[in-house]
Amino acid sequence: MRRRQVIQTVATSLVGPVAGRRALAASAAPVLVIGAGMAGLIAARRLHDAGVAVTVLEARERIGGRIHTSRLWPDLTVDLGASWIHGTQSNPLTALAAEVGARLVTTDYDSFASFDARLGRLPTGRGSEYLAMQQRVREAIRAGYRAPREQGLAASVRRRIGSGALSGAERRLLNHFLVSLADDEYAGDSAELSSWYWDSADSYPGLDAVLPEGYDALVHHLAQGLDIRLGQVVTQIRHDRNGVQVDTLSGRFNGSRVLVTLPLGVLQAGSVRFSPALPAAKREAIARLGMDSGVLSKVVLRFPQVFWDDVDWLEHVAPAARQGQFHQWLNLARVSGGTPALLGFLGGRYACEAEAGWRDDEIVADAMAALRAMYGAAVPEPTAWQIPRWSRDPFARGAYSFNRLGATPAMRDALAAPVQGRLFFAGEATHRKHFATVHGACLSGWTAAEALLQG
Ligand SMILES: Cc1cc2nc3c(=O)[nH]c(=O)nc-3n(C[C@H](O)[C@H](O)[C@H](O)COP(=O)(O)OP(=O)(O)OC[C@H]3O[C@@H](n4cnc5c(N)ncnc54)[C@H](O)[C@@H]3O)c2cc1C
């Protein structure tokens with residue numbers, strides 16, 4: 001009954017009242033859902049509650065996908081994938097979190113301290129060089145949206161600002177804003193993001209909120225009572241007029257329809273074959289949208305005590321040659337109720353290089369170099385750390401999708417389009433307006449389930 005309430009709540013905030021069971025329910029063969037992330041689970045939940053037989057095939061030995069809550073440290077729960085509900089007002093996830101009883105703690109981008117790698121603590125108030133450069137970058141971005149020629153975002157912004165004439169400090173700030181406004185938000189290098197479409201997403205109003213007891217509360221709730229097969233690495237999906245056949249490394253599953261929620265990065269890697277081949281428009285969307293060439297990288301560090309400012313965010317304006325180096329830190333002491341820990345972010349190409357080529361201790365050393373540039377040589381060594389590498393994860397291959405130079409928003413519709421009434425698609429990358437987010441995954445999964453129910 002409680003689950004039904006969740007579905008009703010999410011449904012009402014998504015697309016209106018829950019529709020009744022339709023023709024699909026009469027079919028004996030199950031709908032096969034590939035992937036037990038948010039998109040797959042909300043869809044499976046909706047189908048199951050409508051009386052449709054559904055089996056979820058998940059490669060990993062856990063559910064949640066890019067929602068991955070670590071409880072390695074008994075006294076500090078850490079989200080290694082998604083952390084925030086972005087915009088808590090009207091967001092279906094806020095309703096879901098309320099049904100689940102998950103506690104939310106808001107964070108505020110206006111609560112921050114900023115440090116330049118060479119100059120130390122930066123003034124950030126009215127009249128500061130910091131605010132002036134932020135304004136110039138925002139204006140250059142806006143001009144890029146309207147320009148007759150599409151370019152890579154970084155080139156477009158640099159050309160408009162005339163970066164060749166900037167001082168060293170100004171150039172560091174320019175790089176910093178490119179990373180924090182663009183690379184981080186969209187998990188793609190600002191050199192690769194489209195100057196026209198990089199920020200074409202919609203957003204919900206309200207502050208952003210984290211779930212200190214773990215984002216996975218939402219997916220575990222949705223998963224209750226579902227037939228989920230873990231450790232099923234899908235390698236091939238075949239379909240014809242009689243149904244679908246899905247091969248995994250350990251067996252074969254037959255179904256009436258299949259809902260594919262594989263991350264775009266996995267589709268780009270070609271590790272799952274489709275027979276017959278996907279339509280040309282879908283293949284083009286997979287090739288041109290971005291995911292496998294970018295990442296947002298996270299590192300969690302624990303310390304013996306807090307040595308940093310009592311604000312939500314710490315900013316490190318990195319040296320020009322190290323653009324993307326630990327430029328933002330979330331103060332976990334504030335969201336966790338006092339545990340001395342920091343969540344550091346690496347962006348753009350720098351993040352890709354670190355994830356691909358550096359050992360954990362090298363990444364930690366780089367993080368410490370940034371923190372010592374901010375707070376001095378006396379900063380103590382961390383006592384422990386956790387480092388996910390999403391770009392190296394074969395079941396993600398990146399953090400989330402972005403609009404690469406040459407891609408268009410319409411390509412997301414092509415990615416979402418069903419094929420011959422047998423193959424359905426969902427996942428954050430398929431949502432034209434809310435891609436790159438958990439709520440986008442949720443909306444896409446719901447929409448795909450509704451389409452399946454309509455037959
Ligand atoms: C570091 C990071 C930080 C983020 N921060 C935020 C945030 O703060 N807020 C926010 O809203 N969003 C954030 N996101 C994005 C968000 O996590 C995703 O948009 C969302 O979780 C995607 O859900 P999904 O169901 O589309 O895909 P996924 O969660 O990736 O689910 C797809 C599933 O398919 C499975 N799979 C892959 N390959 C196979 C295969 N061959 N066979 C079977 N199964 C397979 C995967 O294991 C996975 O479980 C972040 C992501 C990352 C990586």
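Residues numbered from 1 in each chain as written. Predicted model: local features only at pLDDT ≥ 70, side-chain atom pairs only at ≥ 80, totals over all residues. Heavy atoms only, no water.

What should I look at first to understand the site of the ligand in this one?
The environment of the ligand is formed by 39 residues, the closest being Glu58, Arg60, Arg66, Trp84 and Val438. At a separation of 2.7 Å, an oxygen atom of the ligand approaches a polar side-chain atom of arginine 66. Isolated, the ligand exposes 1000 Å² of accessible area, and the fraction of that covered by the protein chains is 98%. Breaking the shell around the ligand down by element, the ones donating at least two residues are α2 (38-49) and α14 (438-453). By residue class, the composition of the shell around the ligand is 24 nonpolar, eleven polar and four charged. (Near = heavy atom within 4 Å. Polar contact = N/O pair within 3.5 Å; in protein donor to acceptor, adjacent residues only side chain to side chain. Areas by Shrake-Rupley, 256 points an atom, 1.4 Å probe, with all protein chains shown as cover. Helix = DSSP H or I, 4+ residues; strand = E, 2+ residues; numbered from the N terminus. Nonpolar A, V, L, I, M, F, W, Y, C, P; charged D, E, K, R; others polar.)

Looking at this structure, I do not really get the UniProt feature "binding site: FAD" (unreviewed entry) in the protein. What am I missing?
Taken from the UniProt record, the annotation "binding site: FAD" (unreviewed entry) applies to Glu58, Ala59 and Val234. Over a stretch of 177 residues, the named residues converge on one spot in the fold, their C-alpha atoms separated by at most 8.0 Å. Relative to the elements of secondary structure, alanine 59 occurs in the loop between β2 (54-57) and β3 (69-73). If we skip the residues at most four places from it in the chain, alanine 59 touches Gly231, Gln232, Val233 and Phe395. Following the sequence through the fold, valine 234 ends up in strand β11 (residues 234-240). Looking at valine 234, the relative accessible area reads 8%, which means it is buried. Residues within four places of valine 234 in sequence aside, it is in contact with Ile34, Leu57, Val246, Asp247, Thr248, Ser271 and Val272. (UniProt positions renumbered as here; feature names shortened; annotations may be inferred. Contact = heavy atoms within 4.5 Å. Buried < 20%, exposed > 50% of the residue type's maximum accessible area, 1.4 Å probe, protein only.)

Would you explain the sheet that holds strand β21 (residues 423-425) in this entry?
As a general point, the strands of a sheet are linked pairwise by backbone hydrogen bonds and lie either parallel or antiparallel. A sheet is described by the order of its strands in space; here five strands give the open sequence β10-β2-β1-β14-β21, paired in parallel fashion. The open sheet terminates on both sides in strands that have one partner only, identified here as β10 (227-229) and β21. For this sheet the average axis-to-axis angle between neighbouring strands, irrespective of direction, equals 20°. Sheet topology note: the β2/β10 ladder contains three bridges and is parallel. (Pairing = 2+ DSSP bridges. Axes fitted to C-alpha atoms, helices over the stretch in contact; angles between N-to-C directions.)

How should the sheet that holds strand β5 (residues 84-85) be read in this particular structure?
Strand order in the open sheet made by the three strands is β5-β9-β6, with antiparallel pairing throughout. Among the strands making up the open sheet, the edge pair consists of β5 and β6 (105-107). By the bridge criterion, three bridges tie β6 to strand β9 (residues 208-210) in an arrangement that is antiparallel. Paired with threonine 107 across the strands is aspartate 208, a residue of β9.

Even after reading the chapter, I still don't get helix α9 (residues 280-288), so can you show me in this structure?
One turn of an α-helix holds 3.6 residues; hence residues three or four places apart share an orientation. Within α9, burial applies to Lys282, Ala285 and Ile286. The buried residues of α9 occupy an angular sector of 100° when the element is viewed end-on, so they sit on one face. Of the residues in α9, the exposed ones pointing more than 90 degrees away from the buried face are Ala280 and Ala287. Those residues of α9 that are buried are in contact with α8 (264-269), α13 (410-416) and β21. (Arc of directions from axis to C-beta.)

Help me understand the domain arrangement of the protein in this model?
Quite often, the size of an interface is put as the accessible area lost when its parts meet. Domain assignment breaks the protein into domain 1 (2-64 + 213-292 + 398-453) and domain 2 (69-91 + 103-109 + 296-392). A separation of 31 Å is found between the C-alpha centroids of domain 1 and domain 2. Tallying the contact residues gives twelve residues for domain 1 and 14 residues for domain 2. Taking both partners together, domain 1 and domain 2 bury about 1100 Å²; carbon and sulfur atoms supply 49% of that area. Taken together, the links from domain 1 to domain 2 amount to two salt bridges. Note that aspartate 216 and arginine 71 form a salt bridge whose closest N and O atoms lie 2.8 Å from each other. Where domain 1 packs against domain 2, one counts nine residue pairs in polar contact (both at pLDDT 80 or more). When the residues that make up the side of domain 1 that touches domain 2 are grouped by side-chain class, the tally is four nonpolar, four polar and four charged. (Domains from an automatic or database assignment. Buried area = accessible area lost by both parts, 1.4 Å probe. Salt bridge = Lys/Arg side-chain N within 4 Å of Asp/Glu carboxyl O.)

In this structure, what is going on with a positive patch on the surface? I would like to understand it.
Together, Arg138, Arg142, Arg146, Arg149, Arg159 and Arg160 make up a region of like positive charge exposed at the surface. Elements represented by at least two residues in the positive patch include exactly α4 (129-146) and α5 (153-161). Ranked by residue count, the leading element in the positive patch is α4, at three residues. Note on placement: arginine 146 falls in helix α4. (Patch = residues over 30% accessible without salt bridge, like charges linked within 9 Å, V, L, I, M, F, W, Y side chains within 5 Å. Lys, Arg positive; Asp, Glu negative; His and termini not counted. Charge placed at Lys NZ, Arg CZ, Asp CG, Glu CD.)

Looking at this structure, how should I read the nonpolar core?
A general feature of soluble globular proteins is that nonpolar side chains tend to end up buried together. Ranked by size, the top nonpolar core spans 72 residues in total, and within it Val157, Leu301, Leu314, Trp329 and Leu371 carry the most contacts. Counting residues per element, this core draws most heavily on helix α12 (residues 360-375), which supplies eight residues. Mapped onto the domain boundaries, this core takes at least three residues apiece from domain 1 (2-64 + 213-292 + 398-453) and domain 2 (69-91 + 103-109 + 296-392). Setting aside residues up to four positions removed in sequence, tryptophan 329 forms contacts with Leu301, Asp312, Trp313, Leu314, His316, Leu342, Leu343, Gly344, Ala367, Leu371 and Met374. Of all hydrophobic cores here, the second largest spans 40 residues; its members include Leu41, Ile63, Ala441 and Ala448. (Core = buried A, V, L, I, M, F, W, Y, C linked by side-chain atoms within 4.5 Å.)

Would you take a moment to explain the packing of aromatic side chains for this structure?
Here the distance between the centres and the angle between the planes together describe a pair of aromatic rings. Applying the stated criterion to the full structure yields 17 aromatic pairs. On the basis of an interplanar angle of 40° and a centroid distance of 6.3 Å, the ring pair of phenylalanine 274 and phenylalanine 425 is categorised as tilted. Note that phenylalanine 274 is positioned in strand β15 (residues 273-275) and phenylalanine 425 in strand β21, a separation of 151 residues in sequence. The pair phenylalanine 274 / phenylalanine 425 is uniform in exposure class, with both members buried. Members of the aromatic cluster, joined through ring pairs, are Phe115, Phe303, Phe307, Trp308 and Tyr375. One Lys or Arg, arginine 302, reaches over the ring of tryptophan 73 and ends 5.1 Å from the middle of that ring. (Phe/Tyr/Trp six-rings, centres within 6.5 Å; stacked < 30°, edge-to-face > 60°. Lys NZ or Arg CZ within 6 Å of the ring centre and 35° of its normal.)

Which parts of the structure should I look at to understand the side chain of aspartate 247?
Tracing the chain through its elements places aspartate 247 in strand β12 (residues 243-248). Aspartate 247 gets classed as buried once you look at its relative accessible area, which sits at 12%. Reaching out from aspartate 247, the side chain makes a polar contact with the side chain of arginine 238 at a distance of 3.0 Å. Setting aside its immediate chain neighbours within four residues, aspartate 247 contacts Val233, Val234, Thr235, Gln236, Arg238 and Arg252.

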